[in-house]
Amino acid sequence: MTDVTGAPDVLHTLFHSEQGGHEQVVLCQDRPTGLKAVIALHNTALGPALGGTRFYPYASEAEAIADALNLSRGMSYKNAMAGLDHGGGKAVIIGDPEKIKTEDLLLAYGRFVASLGGRYVTACDVGTYVADMDVVARTNQWTTGRSPENGGAGDSSVLTAFGVFQGMRASAQTLWGDPSLRDRTVGVAGVGKVGHYLVEHLITDGARVVITDVREESVRRITEKFPQVTVVADTDALIRVEGLDIYAPCALGGALNDVTVPQLTAAIVCGAANNQLAHPGIEKDLEARGILYAPDYVVNAGGVIQVADELHGFDFDRCKTKAAKIFDTTLEIFARAKSDGIPPAAAADRIAEQRMDGARRG
């Protein structure tokens, strides 16, 4: 029998850390295809867990597990605040998708999703796309984010960006008394799957836009369509832009941390990235600096609203109407934060937890 080095650390993470409390965590391995994956179900009080599949070259298995736990917990809160009858789940596939992603690997992953018997509904995330979900769906019936040709809703980034835009409008209404972003300067960090749609909304609304992205092709796609957009070298430069009104982190998580928050020039933070707060307490640092933070899992819920609708026969207009309500939900959170004397992130958590607790008692 081979010793499994580090197993105690994994068990401690699952059962005893702040990330604990998950209902089920499944470690998946298919040797012939090289598949190594983690499926984490955080809370199913509201219904089957719903959340995407991230395909990423993690530095270690422990890092992958930690990410799955964090992301699935976030999905519980996101789905609750979006008014969906779904709990929170997330999956991560370990490895560089550019190097190891194959049809057989995706089919093997789909069989693991199927083994959960509907407790987990998957979709796209970083490193996975509509075409991938079409393959995964061939081995199970609990896959969303598929192409329209295969009965799906297509790219969920469209409504994710729309929801973030609604969150920005609500933030502007709260801080400046007007939801319009005309003549406001908005910095978008990451103009890939979601960010480039967000830029289109901002330009249409009359905002001045500053962008950055590690991929030159993503930047070029924006500047060719909108030559008036300003480009800066990196996120460090973006957050220090003089006269920046709104900062929109739209890449990976942890964008708001002990280094970036003191340097922010923006009055509002509202973006599409998941898990923007690097650690507990950052929300208080933002509030202390007078920066209004729109909780990420609230404003970026447009995509999950879209994929959830696939299970009921997708209707884009119905989904867009639901995603538009992110404006009202964001206003509700800011009002709750003010009345309770707490940061908006804490107010959003309270509202989500009340819904989950109510479902559990019911």
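The model shown is predicted, which means the values in this text are computed figures rather than measured ones.

1. Some words on the overall build of the protein
No. 1: Tallying secondary structure elements over the protein gives 15 helices and 12 strands in all.
No. 2: Rg of the C-alpha trace for the protein: 20 Å, near the compact-globule value of 21 Å for 362 residues, within the 12% margin.
No. 3: The buried share among the 362 residues of the protein stands at 53%.
No. 4: When contacts within the protein are restricted to residue pairs at least 6 apart in sequence, long-range pairs at least 24 apart make up 66% of them.
No. 5: Taking the average location of the 34 positive side-chain charges in the protein and that of its 45 negative ones, the two points are 3 Å from each other.

2. Considering the packing of aromatic side chains
No. 1: Per the counting criterion, the structure on display carries three aromatic pairs.
No. 2: Each ring, one from Tyr-56 and one from Tyr-58, has its centre 5.1 Å from the other, and the planes form 70°; the classification is edge-to-face.
No. 3: Given the relative accessible area of 29%, Tyr-56 is considered partly exposed.
No. 4: Taken together, a centroid distance of 5.8 Å and an interplanar angle of 65° make the contact between Tyr-77 and Tyr-297 edge-to-face. Taken as a pair, Tyr-77 in helix H2 (residues 61–81) and Tyr-297 in helix H11 (residues 296–299) lie far apart in primary sequence, 220 residues in all.

3. Overview of the nonpolar core
No. 1: In terms of nonpolar packing, the biggest core is built from 31 residues, with Met-168, Val-188, Leu-198, Val-199, Leu-202 and Ile-211 touching the most fellow members.
No. 2: For this core, the element with the most residues is helix H6 (residues 157–176), which contributes five residues.
No. 3: If we ignore the near neighbours within four places in the chain, the residues touching Met-168 are Leu-181, Val-186, Leu-198, Leu-202, Ile-246, Ala-248 and Cys-270.
No. 4: Core analysis: the next-biggest nonpolar cluster, separate from the first, contains 22 residues, Ile-39, Leu-41, Ala-91 and Leu-105 among them.

4. What about the sheet that holds strand S7 (residues 185–189)?
No. 1: Taken in spatial order, the six strands of this open sheet run S9-S8-S7-S10-S11-S12, and their pairing is parallel. The open sheet terminates on both sides in strands that have one partner only, identified here as strand S9 (230–231) and strand S12 (292–293).
No. 2: As paired strands, strand S10 (residues 246–249) and strand S11 (residues 268–269) are joined by two bridges and run parallel to one another. Of the residues in S11, the one forming a bridge with Ile-246 is Ile-268.
No. 3: Contacting S7, strand S8 (208–212) and S10, helix H7 (residues 195–204) runs over the sheet at an angle of about 170° to S7.

5. Some points on the state of the cysteines
No. 1: In the structure shown here, the tally under the stated rule is zero disulfides.
No. 2: The thiol of Cys-250 is unpaired, and the distance to the nearest cysteine sulfur, on Cys-270, comes to 8.4 Å.
No. 3: A relative accessible area of 13% places Cys-250 in the buried class.

6. Quick word on the pattern of salt bridges
No. 1: Evaluation of the coordinates by the stated rule reveals 14 salt bridges.
No. 2: As a salt-bridge pair, Asp-85 and Arg-355 come within 3.3 Å of each other at their nearest N and O atoms. You can see Asp-85 sitting in the loop between H2 and strand S5 (87–94) and its partner Arg-355 sitting in helix H15 (residues 344–361), a full 270 residues away along the chain.
No. 3: A salt bridge links Asp-340 to Arg-350, with the nearest nitrogen and oxygen atoms 3.1 Å apart.

7. Section: the side chain of Gln-166
No. 1: Looking at the secondary structure, you find Gln-166 in helix H6.
No. 2: We classify Gln-166 as buried; its relative accessible area is 7%.
No. 3: Within the local environment of Gln-166, its side chain forms a polar contact with the side chain of Arg-169, the two groups lying 2.9 Å apart.
No. 4: When residues no more than four places from it in sequence are discounted, the contact partners of Gln-166 are Ala-323, Ala-324, Ile-326 and Phe-327.

8. Describing the packing of helix H12 (residues 302–309) against helix H13 (residues 316–324)
No. 1: Interhelical geometry of H12 versus H13 gives an angle of 145° and a closest axis separation of 9 Å. In the packing of H12 onto H13, the handedness of the crossing is right-handed. In this structure, H12 contributes Gly-302, Ile-305, Gln-306 and Asp-309 to the contact, and H13 contributes Arg-318, Cys-319, Lys-322 and Ala-323.
No. 2: Residue composition of the contact of H12 with H13, grouped by class: three nonpolar, two polar and three charged.

9. Observations concerning helix H14 (residues 326–340)
Helical periodicity: at 3.6 residues per turn, an α-helix aligns residues three or four positions apart in one direction.
No. 1: Between its terminal C-alpha atoms H14 stretches 21 Å, which fits the 21 Å expected from 15 residues at 1.5 Å a residue.
No. 2: Looking at H14, one finds that the buried residues are Ile-326, Phe-327, Thr-329, Thr-330, Ile-333, Phe-334 and Ala-337.
No. 3: Of the residues flanking the end of H14, it is Gly-341, one or two places downstream, whose phi is positive at about 70°.

10. Remarks on the confidence of the model for the protein
No. 1: Residues with a pLDDT of 70 or more make up 94% of the protein, whose mean pLDDT is 93.
No. 2: Every residue in residues 1–7 scores below 50 in pLDDT, and together they form zero contacts with partners more than four places removed in sequence or on other chains.

11. So, H6
No. 1: Along its 20 residues, H6 runs 28 Å from first to last C-alpha, staying within 8% of the 28 Å computed at 1.5 Å per residue.
No. 2: Counting buried positions along H6 gives 14 out of 20 residues, so the element sits mostly inside the fold.

Parameters and conventions
- Residues numbered from 1 in each chain as written.
- Predicted model: local features only at pLDDT ≥ 70, side-chain atom pairs only at ≥ 80, totals over all residues.
- Heavy atoms only, no water.
- Helix = DSSP H or I, 4+ residues; strand = E, 2+ residues; numbered from the N terminus.
- Rg over C-alpha atoms; globule rule 2.2 N^0.38 Å.
- Buried < 20%, exposed > 50% of the residue type's maximum accessible area, 1.4 Å probe, protein only.
- Contact = heavy atoms within 4.5 Å.
- Lys, Arg positive; Asp, Glu negative; His and termini not counted.
- Charge placed at Lys NZ, Arg CZ, Asp CG, Glu CD.
- Phe/Tyr/Trp six-rings, centres within 6.5 Å; stacked < 30°, edge-to-face > 60°.
- Core = buried A, V, L, I, M, F, W, Y, C linked by side-chain atoms within 4.5 Å.
- Pairing = 2+ DSSP bridges.
- Axes fitted to C-alpha atoms, helices over the stretch in contact; angles between N-to-C directions.
- Disulfide = S-S within 2.5 Å.
- Salt bridge = Lys/Arg side-chain N within 4 Å of Asp/Glu carboxyl O.
- Polar contact = N/O pair within 3.5 Å; in protein donor to acceptor, adjacent residues only side chain to side chain.
- Left-handed = near helix turned anticlockwise from the far one by under 90°.
- Nonpolar A, V, L, I, M, F, W, Y, C, P; charged D, E, K, R; others polar.
- Expected span 1.5 Å × (residues − 1).
- pLDDT = per-residue confidence, 0-100.

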